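Fold and geometry: a report
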Amino acid sequence: MSETGFVGEPIVVASPNVEYSKNEIISRYEYRESRVNGNIVTPLNENLTFKTQRKIPKTGVLLVGWGGNNGTTLTAGILANKLKTTWMTKEGEQHANFLGSICRSVTMRIGIDNNLQPVYAPLFGVIPMLNPTDLDIWGWDISNMSIANAMVRARVFDYDLQRKLYPELKDMIPWPSVYSEDFIAANQSERANNIIHGTKQEQLQTLRQNIRDFKQSRGIENVIVLWTANTERYAELREGLNDTADNLLRSIEADASEIAPSTLFAVASILEGCTYINGSPQNTFIPGVIELSERHQVLIAGDDFKTGQTKIKTVLCDFLINSGLKLASVVSYNHLGNNDGKNLSAPKTFRSKEISKSGVIDDVIRANRLIYGENEHPDHCVVIKYVPYVGDSKRAMDEYTSEIFMGGRNTIVLHNTCEDSLLAAPIILDLILLAELCTRVQIKRTQDEEFSRMHPVLSILSFLLKSPQVPSGSPIVHSLFNQRYSITNFIRALVGLPPETFMLLEHKIP
Ligand code: NAD
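Anyway, here's the lowdown on the structure attached to this text. Keep in mind that what you see is a predicted model, and the values were worked out from it rather than measured.

Details of the pairing of strand S6 (residues 92-95)
When strand S5 (residues 86-89) meets S6, the two strands line up antiparallel, connected through four bridges. Bridge pairing in S6 links Thr86 to His95. Counting the residues between successive antiparallel strands, the hairpin from S5 to S6 contains two residues.

Points about the site of the ligand
In the vicinity of the ligand, 29 residues are found, and the nearest of them are Asp141, Ser177, Val178, Arg191 and Asn339. At 2.6 Å from an oxygen atom of the ligand is found a side-chain nitrogen or oxygen belonging to Asp141. Contact between the ligand and Asp340: an oxygen atom at 2.9 Å from a side-chain N or O atom of the residue. Coverage of the ligand by the protein chains reaches 99% of its 850 Å² of free accessible surface.

Examining the sheet that holds strand S11 (residues 275-278)
One open sheet holds the five strands; their spatial order is S9-S4-S10-S11-S12, and the pairing between them is parallel. Sheet topology places strand S9 (136-140) and strand S12 (300-302) at the edges, where each strand pairs with a single neighbour. Averaged over all adjacent pairs, the angle separating strand axes in this sheet is 20°, with direction ignored. Strand direction decides the pairing type here: strand S4 (residues 59-64) and strand S10 (residues 222-227), joined by six bridges, are parallel. Considered in S10, the bridge of Val61 is made with Ile224. Contacts from helix H6 (residues 200-218) reach S4, S9 and S10, with the element oriented near 160° to S9.

Let's talk about the pairing of S11
Burial of S11 is two-sided: the residues Thr275 and Ile277 facing one way and the residues Tyr276 and Asn278 facing the other way are all buried. Here S10 pairs with S11 via four bridges, running parallel. Looking at S11, one finds that Leu226 is bridged to Ile277. Judged from the three bridges that link them, S11 and S12 form a sheet pairing that is parallel. Following the sheet pairing, Ile277 is matched in S12 by Ala301.

Notes on the pattern of salt bridges
In total, this model carries 22 salt bridges according to the counting rule given. A salt bridge links Lys342 to Glu190, with the shortest nitrogen-to-oxygen separation between them at 3.0 Å. Of this pair, Lys342 sits in helix H11 (residues 339-344) while Glu190 sits in the loop between helix H5 (159-169) and H6, and the two are 152 residues apart along the sequence. Of the residues examined, Glu190 reaches a relative accessible area of 63% and is grouped as exposed. The salt bridge partner of Glu272 is Arg208, with a shortest N-O separation of 2.6 Å. Highlighted residues: Glu272 in the loop between helix H8 (261-271) and S11 and Arg208 in helix H6, separated in sequence by 64 residues. The pair formed by Glu272 and Arg208 is uniform in burial state, with each residue classed as buried.

Re the packing of helix H1 (residues 69-82) against helix H4 (residues 147-154)
How two helices sit against one another is set out by the angle between their axes and by the gap between those axes. Viewed as axis vectors pointing N to C, H1 and H4 meet at an angle of 115°, and their least axial separation amounts to 9 Å. Between H1 and H4, the angle is such that the two are roughly perpendicular. As H1 runs across H4, the sense of the crossing is left-handed. On H4, the residues that touch Asn69, Thr72, Thr75 and Ala76 of H1 are Ile147, Ala150, Met151 and Ala154. Along the lines of polarity and charge, the residues of the contact of H1 with H4 split into five nonpolar, three polar and no charged.

Re H4
Listing the buried residues of H4 in full gives Ile147, Ala148, Ala150, Met151 and Ala154. End-on view of H4: buried residues confined to an arc of 165°, all on one side of the axis. Each element contacted by the buried residues of H4 is listed here: H1 and H5. Arg155 sits one or two residues past H4 and shows a positive phi near 55°.

What counts as what
- Residues numbered from 1 in each chain as written.
- Predicted model: local features only at pLDDT ≥ 70, side-chain atom pairs only at ≥ 80, totals over all residues.
- Heavy atoms only, no water.
- Pairing = 2+ DSSP bridges.
- Helix = DSSP H or I, 4+ residues; strand = E, 2+ residues; numbered from the N terminus.
- Near = heavy atom within 4 Å.
- Polar contact = N/O pair within 3.5 Å; in protein donor to acceptor, adjacent residues only side chain to side chain.
- Areas by Shrake-Rupley, 256 points an atom, 1.4 Å probe, with all protein chains shown as cover.
- Axes fitted to C-alpha atoms, helices over the stretch in contact; angles between N-to-C directions.
- Contact = heavy atoms within 4.5 Å.
- Buried < 20%, exposed > 50% of the residue type's maximum accessible area, 1.4 Å probe, protein only.
- Salt bridge = Lys/Arg side-chain N within 4 Å of Asp/Glu carboxyl O.
- Parallel < 35°, antiparallel > 145°, perpendicular 65-115°, else oblique.
- Left-handed = near helix turned anticlockwise from the far one by under 90°.
- Nonpolar A, V, L, I, M, F, W, Y, C, P; charged D, E, K, R; others polar.
- Arc of directions from axis to C-beta.

Right, dumping it as structure tokens:
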């Protein structure tokens with residue numbers, strides 16, 4: 001351990017409740033909750049056993065929308081880290097890093113040392129995690145531009161960095177993809193020159209074959225498919241069309257026009273046994289897809305990467321309301337000039353984003369009926385405008401107005417400027433790394449029970465998603481720090497450590 005209380009080596013928990021074998025970590029864990037009945041609260045303990053496979057399988061990710069700003073930034077960013085690329089800017093020499101990734105750049109408290117001081121370790125030091133530079137990346141795009149040229153088109157990386165990475169990326173040409181003009185903005189049609197033709201059933205077969213070829217040609221054991229393509233409009237939910245897994249598969253066979261491209265990708269991925277992550281706001285996970293994932297026990301996660309404005313919003317709402325202030329109005333303006341902004345300038349795709357952004361303060365309000373009435377909630381308005389000149393550098397302006405003590409008002413105004421894709425890429429990486437970890441975790445309740453995989457809907461990834469999918473009946477948590485501690489406490493559970501309590505009782509008891 002270093003003098004700063006940081007453990008660089010993988011940690012080993014010495015406890016009778018934890019066994020480390022060559023292949024697995026088995027942890028017996030006491031999960032504590034309280035059952036509330038009227039005003040009677042009864043503490044409950046449940047004994048769970050977690051089994052985590054230590055060996056990380058060779059993993060590949062297939063990006064849908066690979067040639068977009070996020071896809072190219074992620075691919076080139078990982079490559080730059082792998083090659084330890086340096087580049088010059090007017091600020092001097094720059095080095096590749098993974099800032100913005102909780103898996104690579106964040107530590108968690110693991111305990112105290114002999115002087116009762118806190119000790120921290122990186123998440124990947126507590127539980128084995130995939131190293132991003134070992135990840136194989138490929139993908140689909142409706143544009144056949146090489147990833148090198150698409151990186152240049154994105155105008156995200158500095159020129160010198162682009163120049164150094166270009167040769168490595170020039171032979172990466174995305175596979176043709178499923179395109180439906182009806183589901184994304186009409187202004188995207190000019191880049192759609194790389195399309196899988198045929199019926200929906202034939203398109204599905206092609207996607208499945210692509211996944212199999214990727215696996216076979218590179219010896220990949222575990223594939224994750226991740227949608228970072230343009231935001232689609234919402235698909236209609238209709239009985240008989242997409243309400244059950246069987247109806248959905250039948251509708252694909254019948255070439256039903258209301259099956260979105262993203263839904264076809266999700267179905268292909270699930271049928272191939274590959275985790276599917278949705279990084280955009282549309283309702284890819286219609287009931288039929290969720291049922292299919294449960295039937296095949298394949299993990300899914302979504303929706304919509306949580307990057308700048310929403311992250312701040314969930315933190316500020318948590319801070320204001322949990323300080324006892326009555327947040328009364330939240331107004332958010334964004335303008336951006338990248339292709340995502342162009343696509344969102346169409347009302348039908350904007351609507352998907354608006355829905356995704358608007359639910360993020362609900363749980364904090366629901367938890368506090370002392371200051372909000374049963375159906376009361378703050379005014380919440382979201383505006384997004386396309387301004388080509390600012391490119392990927394998104395501007396977000398937010399105003400938070402709260403009622404304070406004895407009739408006072410408090411207004412906070414924020415202005416945030418940031419390269420959108422440089423925020424999104426590390427979040428995409430975390431989604432991949434944590435989803436991969438979840439594929440190696442199994443749980444059982446009693447000793448005689450067989451181990452089973454985690455629930456297919458990965459709510460544990462909520463920290464990274466604006467509008468988290470959760471298992472049916474499970475509450476949606478938006479509060480950012482609760483989401484973060486649900487990840488680190490889960491990792492602690494995998495190695496038999498109790499959840500972080502922040503009580504510091506060792507310093508409070510004389
Ligand atoms: P982008 O427009 O630069 O990239 C999207 C890519 O998807 C394009 O290359 C486009 O050709 C391709 N595409 C469109 N339809 C496709 C299809 N059916 N199949 C395959 N490829 C298709 O956008 P971006 O900035 O990379 O963002 C990607 C997505 O991530 C958007 O939906 C956006 O709303 C979402 N998102 C981004 C952020 C962020 O901060 N960057 C945050 C949250 C969500």
